[in-house]
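Structural description and commentary
Spelled out from the first residue to the last, the chains are:
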Amino acid sequence: MVGFKFNYFCFINEFDYYIIKEMLFLYWIRDEMIKRKKWIILDSINLTEEKINEYKRKAKFFGEYRYDKDNGWIGVYAQEIFCEYLKKNNINFEKWEEVTQIDEYDIKIGKIKIDVKCATQSNYLEMTPKVLVEDKNKKDYYVALKYFEDINKLVIVGYFEHEDLWGYPLKVLYGTPFWGVKLYNAKPFLHLLETIINNNKI
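Residues numbered from 1 in each chain as written. Predicted model: local features only at pLDDT ≥ 70, side-chain atom pairs only at ≥ 80, totals over all residues. Heavy atoms only, no water.

1. Here we look at the overall build of the protein chain
Basically, it comes down to this: Strands here are runs of E lasting at least two residues and helices are runs of H or I lasting at least four, both read from the DSSP assignment and numbered beginning at the N terminus. Per-residue accessibility, obtained with a 1.4 Å probe over protein chains only, is compared with the maximum for each type, and a residue is labelled buried under 20%, exposed over 50%, and partly exposed between these values. Should any heavy atoms of two residues lie within 4.5 Å, those residues are counted as being in contact. Computed with the Shrake-Rupley method and a 1.4 Å probe, the accessible areas treat only the protein chains shown as cover for residues.
From N to C terminus, the protein chain includes six helices and twelve strands. Classification of the 202 residues of the protein chain by burial places 42% in the buried group. Counted over contacts in the protein chain with a minimum sequence separation of 6, partners at least 24 positions apart contribute 61%. About 12,100 Å² of surface is accessible on the protein chain, with carbon and sulfur atoms providing 53% of the total.

Structural data, given as structure tokens:
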């Protein structure tokens, strides 16, 4: 990412510059967003090796190569922790349990379909919903989580609606097109929580 020339460092290309810039911005606003309760800390990751391997086995159902390479098991764990958060707030929900086909949702609350997305590595600054999946099974809302390795915390940074996805560039990774949805553009999660709670009363 960074090279050296005449005792000065420089970015090898412009793309690397923007990645570093976005990372610094996201980490810079993190503490303030948590302090203002705009972002919500869910939990730390303090698991036994046996438990981590259990999550890794679950993650393989969603794509063995990608989920091994990108700490996909953290995404599976994040979904479970988010479910625990809903339970603590006395919110009833259904989980999608079928692993042999593309999921219609991760969580369903009344008629609301929700997908839980987690950026699992320090340099991941985007939510990455897959075009093929979301085109076939539209969700109403996408809850965006981020794992911050430096503080060992899973954090809800906000949410997006399905229509929001179309405003972001299409990218391809491991042969799969996806939208690169910037985490720092997420809408305040407490707004969605209010909608969820109201829907839960129906």
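2. Thoughts on the side chain of Ser44
Inclusion rule: Each polar contact in these results corresponds to two N or O atoms within 3.5 Å; when the atoms are within protein, one needs to be able to donate a hydrogen and the other to accept it, and residues that are neighboring in sequence are counted only if both atoms are side-chain atoms.
Of note, Ser44 is situated in the loop between strand 3 (40–43) and helix 2 (49–59). Looking at Ser44, the relative accessible area reads 13%, which means it is buried. A distance of 2.9 Å separates a polar atom in the side chain of Ser44 from a polar atom in the side chain of Lys153. With sequence-adjacent residues up to four places away left out, Ser44 is seen in contact with Tyr77, Asn152 and Lys153.

3. Some thoughts on the sheet that holds strand 8 (residues 141–148)
Stated formally: Two strands form a pair only when DSSP identifies at least two bridges running between them. Under this scheme, a helix contributes an axis fitted over its contacting stretch, all axes are lines through C-alpha atoms, and angles between N-to-C directions fall in the 0 to 180 degree range.
Ordered by their spatial adjacency, six strands build an open sheet running 3-9-8-6-5-4, and the pairing between neighbours is mixed. Each of the sheet's edge strands pairs with one partner strand only, and the pair in question is strand 3 and strand 4 (94–95). Pairing between strand 5 (residues 107–109) and strand 6 (residues 112–119): three bridges, direction antiparallel. For Lys108, the partnering residue across the bridge sits in strand 6 and is Lys113. Those strands touched by helix 4 (residues 72–88) are strand 3, strand 4, strand 5, strand 6, strand 8 and strand 9 (153–161), and its axis lies near 110 degrees from that of strand 3. Relative to strand 9, helix 6 (residues 189–200) is tilted by about 75 degrees, and along the sheet it contacts strand 3, strand 5, strand 6, strand 8 and strand 9.

4. Considerations on helix 6
Condition: Multiplying 1.5 Å by the helix residue count minus one yields the expected span of that helix. Throughout, the arc means that of the directions going from the helix axis to the C-beta atoms.
Across its twelve residues, helix 6 extends 16 Å between first and last C-alpha, which sits within 8% of the 16 Å expected from 1.5 Å per residue. Those residues of helix 6 lying buried are Phe189, Leu192, Leu193, Ile196 and Asn199. Seen end-on, helix 6 carries its buried residues on one side only, within an arc spanning 125 degrees.

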